[in-house]
Amino acid sequence: MHVTGLVQGVGFRPFVHRLAVRHDLAGWVRNESGEVYVEVEGRERAVEAFVRALRAEAPVLARIETLHSEVIPRTGFADFRVLESLSTRGRLPVSPDVATCAACYAELFDPEDRRFHYPFITCTDCGPRYTVIETMPYDRVRTAMRAFPQCATCHAEYTDPEDRRFHSETNSCADCGPGVWLTGPDGTRIGSGAEAIEAAAAMLDAGDVLAIRGLGGYHLACDATSEFSVLRLRARKARDQKPLAVMVVDVADASALCHVGPVEREVLTGAERPIVLLRARDDSGLAPSVSPGLDTAGVMLAYTPLHLLLLERVGRPLVMTSGNLSELPICTANAEASRKLADVADGFLMHDRDIVARYDDSVVRVMNGAPVFIRRARGYAPLPVGVPVRTPRPLLAVGPHLKNTFSLVTGDVAFVSQHVGDLENVETLDHYREALLRFQALFSIEPEVVARDLHPGYLSTRIADEMGLDRVIGVQHHHAHIAAVAGEHGVIEPVVGIAYDGTGYGDDGHTWGAELLLADLTGYRRLAQLRYAPMPGGDLAARTPWRVAAGYASLEPELEACFASAFEGVPAAERRIVATQIDRGVNAPLASSMGRLFDAAAAVLGVRRGAAYEGQAAMELEALARHWVAGSVDDSRDPSEVIGEGPVQAHLPRIAVPVNGLPGECAVADPVPVLAELGARAAAGEDAGLLAAAFHASIGEATVDLAAAACGECGVSRVALGGGVFQNSLLQAIVGQGLVSRGIEVLRPERLGPNDGAISYGQAVIAAARLADEQGR
C-alpha cells in the first residue's frame, strides 16, 4: 500500500503497527518523504479487513488523500515492524502543532503518574510539530528535540508498539526533556521547574505582566479580570485599544465569559485550539480594556501543558497576547525576548526547546454556522490547499502588503504560509524571507514563476521583482480575492464576485475596495462599484474616519450639514487642510472602498472619528448594530442569525442606495445620500444602534440587488464573497441569506479567510490558470 496526504507527524505508523498486530499480519511500514508505504501479508480476509480499516480508523489528525494497494507475492515475514524513514525530494505535507490531548491532560494532573506536572508532556496524538521540525521526514533527529536524548524509560515507551508514545518524536520526561525557569527583566533567575511556575503564577496574581515562551513564540500575559493589569500591559506594549485575546482552561470557563454556541464549542475544543471570537456576556468579569468598544471577546483554551499548569494555579482568565511590541513579529528566542521585551514584562517564563518557526495563534469567527478564519496560523498552517488548475511550473505568490501570507505551488497543491503580518518594517520583512526559505526547504519547491499584486509600491512587489525569475505575473487585488474563494471550492467557471475591503490597486490607477466582478481564474470584468470619493490624507484616512466622511461630503456640498457630527472636536485648522487637499487633489486619492464607507458611517453616527487601528470604527459600528439587534428581540441566538428575520426587519428603516447604470455597464452605487440620511436621523435623535443596524441592512440589501441583477445579466448562478469587510457577521448574513433566498449559490471562504490573508492563494490560483492556459494554446 501507498498512502499520501497528511500521514506524517500524526501517529500514522504506530496506528498501522497496532492495526497489523490486531489482524495478525506480518510485514512493515515506512515513511518515505512524507508518504507512507506498507507491506502486509497473512490470511486473505485479514488483509482485506486491514485495508478497509486503514482508511476507516485512521488517526483523527491524519488526512488521507490517496490510498493505492496491489497484491504482491508473499515474502514470508516473521513479524510486523516499523522501518527507518527514507528521505527523497518531493512534496512533503507537514503537520501543524496540536493541542494537548485528553490522555496527556489526565497524566499531567495525576499525582501517581511519572509525568505529573511535567510542562512538556506529549504523545503521538499531540504536541508541537511544525514549530520543531527542521527538515523532513519527521523523525526526532531532524527536530529541535534531538537536543534531548531520551532516557531509558522514555526510549522503552518510544520502541514499544503497544505504547501510546510509540514513535512519538517529541517524547520526553522531567529526567531527559526540556526544562522551564523564571527570570526577572534583568535576567536574574528566580526559580526553575515547579518552583518557576508557582512564582510566575504569584506574579500574575500580583498584577504583573509575564512573558511566556510557548510553541511558536512568546506570549505576554496578565490577569484578564484586572483593569489595572490590562492597562499596564497595553501601555508597555504600545497597543492602545486593539482587542486582546483571553486564555482559559476549558469550555465551562469560556461559557462563563461569553455565549458559546455548538459550532463555537466544537472549534474551541478542537485539536487546533484557535482564538474564537465570542459574544461577551455583560457579567463576564473581564476587564473593560480587554475588548474596548466591542461586543465580542477573543477566547482560546489552553493548548500546551505549560499554559494548563499556569492557569490551574492562577485560577482565573489570563490575557494571552503575542509577545512583541506592536506591529513587530512575535519573539521566539530567549535572548531576543529578553532584549526586546525587557521594558514590557516583569518576568520571563522560559524553556530550552528551540522554536524553529514563528507561529501566531489562529483567530476564527463562526458565521453562518461555520468557522471563518480571521487569521490562519497555529493549528492550520501549513496544511496544503488544493488548486483547481494544475500549474505547469512551480510558482510563488508573494501576497499582499497587509496581513501578508505567501503561497508556494507545485502541481495542484498550494502550501499557504502562516500569517506573516503587515510588511511595514524591516523586522517583518526579515520574518517573511525567513519563513519563505523554510517553506522552500520543507516542501522542496524551487519556484520558476512569481505572482504579485499590481501595486508598484508594495514591499511584496519588490520581493517579487528582486527574485530574478524570468516570469512575473501581476494580479489585481480584488480579482485575487474572488479567485481565492472560487479556487478553494474547485470552481473554474465564471462567478459574480463581491469583493469588499479597504483598499486595493485598481486597473484605472484609483483605489478599489467595493467591487462586483464577473470573474473566472484567468480574467475579470468590473460590473459595479461604489461612487469614487476622495480620501484626504491617503492611508491616514484609514485611521481618521472623519476624513473619509469629509471626502464623501465634498461630493454633495448641499448635504454637508448632515455630516456635521463627523467633525465634532476636529480642530478647524485641520479641517481647512483637508478641504484644501480635496479641492486641489493633493494626497487625496479617489477610492471606491466599502471598508472606508463603514468608517464614514461610524464617524457620521458619532461612533468613532479617530481610530487606533485599521478597522476599529467599522468593528465598533458592527458591535453597536449587533447590540441593538440583540436587544430588539427576545432571542438567545447571535444577532447575525436573527437580523434577517421579520421581528427585526419590521423595526429597521430602509435607506435607499441610488444606483446609476446597469451591471453590464459597470453600475455605480452612490452612498452619499445614505450617509446624509444617517446624519440627519441621528441629529433628530434617533437611536444610533438602530441606525447602525439600518445601515448594515441597507448596504447588504443593495448588494444583493446588484449581485442578483448581475447574475441575470451574465447568466451566472454563483456568487463568491471575498474581502475583509465580510468578516462583519451582520453584513455577511444579510448578503448571504438574501442571495440564497433568490436561488443563487453562495461561495464563502472556508479553508482560508475572506481578508488579505487569502490573497496569496488567489494570486497563485490565477497564475496557475494563466500558465496552464498558455501551455494549452
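Throughout, a residue's number is its position along its own chain's written sequence, starting from 1. Predicted model: local features are reported for residues with pLDDT of at least 70 only, side-chain atom pairs are reported and counted for 80 or more only, and whole-chain, interface and lining totals are derived from all residues. No hydrogens and no water enter the side-chain calculation; it runs on all heavy atoms of the structure.

Caption draft 1: Summary view of unusual backbone geometry. Residue Pro-382 is reached from Ala-381 by a cis peptide bond, and omega for that bond is 10 degrees. If you trace the backbone, Pro-382 turns up in the loop between strand 17 (370-375) and strand 18 (385-397). In this structure, Asp-24 takes a positive phi of about 60 degrees despite not being glycine. Locating Asp-24 in the fold gives a position in the loop between helix 1 (12-22) and strand 2 (26-32). Counting from the N terminus, the helices are DSSP H or I runs at least four residues long and the strands are E runs at least two residues long.

Caption draft 2: Region of interest: the sheet that holds strand 4 (residues 63-68). Here a strand pair is declared whenever DSSP counts at least two bridges between the two strands. Read across the open sheet, the five strands follow the order 4-1-3-2-5; overall the sheet is mixed. The strands lining the two open edges of the sheet, one partner per strand, are strand 4 and strand 5 (80-82). Looking at each pair of strands side by side, their axes are set apart by 20 degrees on average, direction ignored. Sheet topology note: the strand 1 (residues 2-6)/strand 3 (residues 35-41) ladder contains two bridges and is antiparallel. Each residue of the ladder has a partner; that of His-2, found in strand 3, is Tyr-37. What makes two residues a contact is simply this: any of their non-hydrogen atoms within 4.5 Å. Orientation is described by lines fitted to C-alpha atoms, with helices fitted over the stretch in contact, and by angles between N-to-C directions that extend from 0 to 180 degrees. Lying over the sheet, helix 1 contacts strand 1, strand 2, strand 3, strand 4 and strand 5, oriented at roughly 175 degrees with respect to strand 5. Sheet strands touched by helix 2 (residues 44-56): strand 1, strand 3 and strand 4. Its angle to strand 4, the strand with the most contacts, is close to 150 degrees.

Caption draft 3: Fine view of the nonpolar core. What we call a nonpolar core is a set of buried Ala, Val, Leu, Ile, Met, Phe, Trp, Tyr and Cys residues that are connected through their side-chain atoms within 4.5 Å. Type-normalised accessible area, obtained with a 1.4 Å probe on protein chains alone, sets the label of each residue: buried when under 20%, exposed when over 50%, and partly exposed for intermediate values. Of all hydrophobic cores here, the largest spans 81 residues; its most connected members are Ile-498, Tyr-552, Phe-563 and Leu-739. Broken down by element, this core gets its largest block of residues, 15 residues, from helix 21 (residues 688-714). Dropping the residues within four chain positions of it, Leu-739 is found in contact with Ile-498, Val-704, Ala-707, Ala-708, Val-719, Leu-721, Ile-744 and Val-746. If you look at the next biggest cluster of nonpolar residues, it comprises 65 residues, including Leu-25, Ala-46, Phe-80 and Val-98.

Caption draft 4: Local environment of the environment of Ile-473. Structurally, Ile-473 is set in strand 21 (residues 471-475). Here the alpha-carbon distance between Ile-473 and Gln-763, two residues 290 residues apart in the chain, equals 8.7 Å. Setting aside chain neighbours within four positions, we find Ile-473 in contact with Val-449, Val-450, Ala-451, Arg-452, Ala-767, Arg-770 and Leu-771.

Caption draft 5: Representation of the sheet that holds strand 21 in the model. Here we have four strands laid out as an open sheet, ordered 19-18-20-21, and mixed in their pairing. Here the strands that pair on one side only, and so sit at the sheet edges, are strand 19 (407-416) and strand 21. Shown here is a sheet whose adjacent strand axes are inclined to one another by a mean of 60 degrees, direction ignored. Bridging between strand 18 and strand 20 (residues 449-453) involves three bridges; their strand directions are parallel. When the sheet's bridge partners are listed, Ala-397 is paired in strand 20 with Ala-451. Against the sheet, helix 12 (residues 459-466) contacts strand 20 and strand 21, and its axis sits at roughly 160 degrees relative to strand 20. Each of strand 18, strand 19, strand 20 and strand 21 touches helix 23 (residues 759-776); the most contacted strand, strand 18, lies at about 80 degrees to it.

The analysis is restricted to geometry; functional conclusions fall outside its scope.
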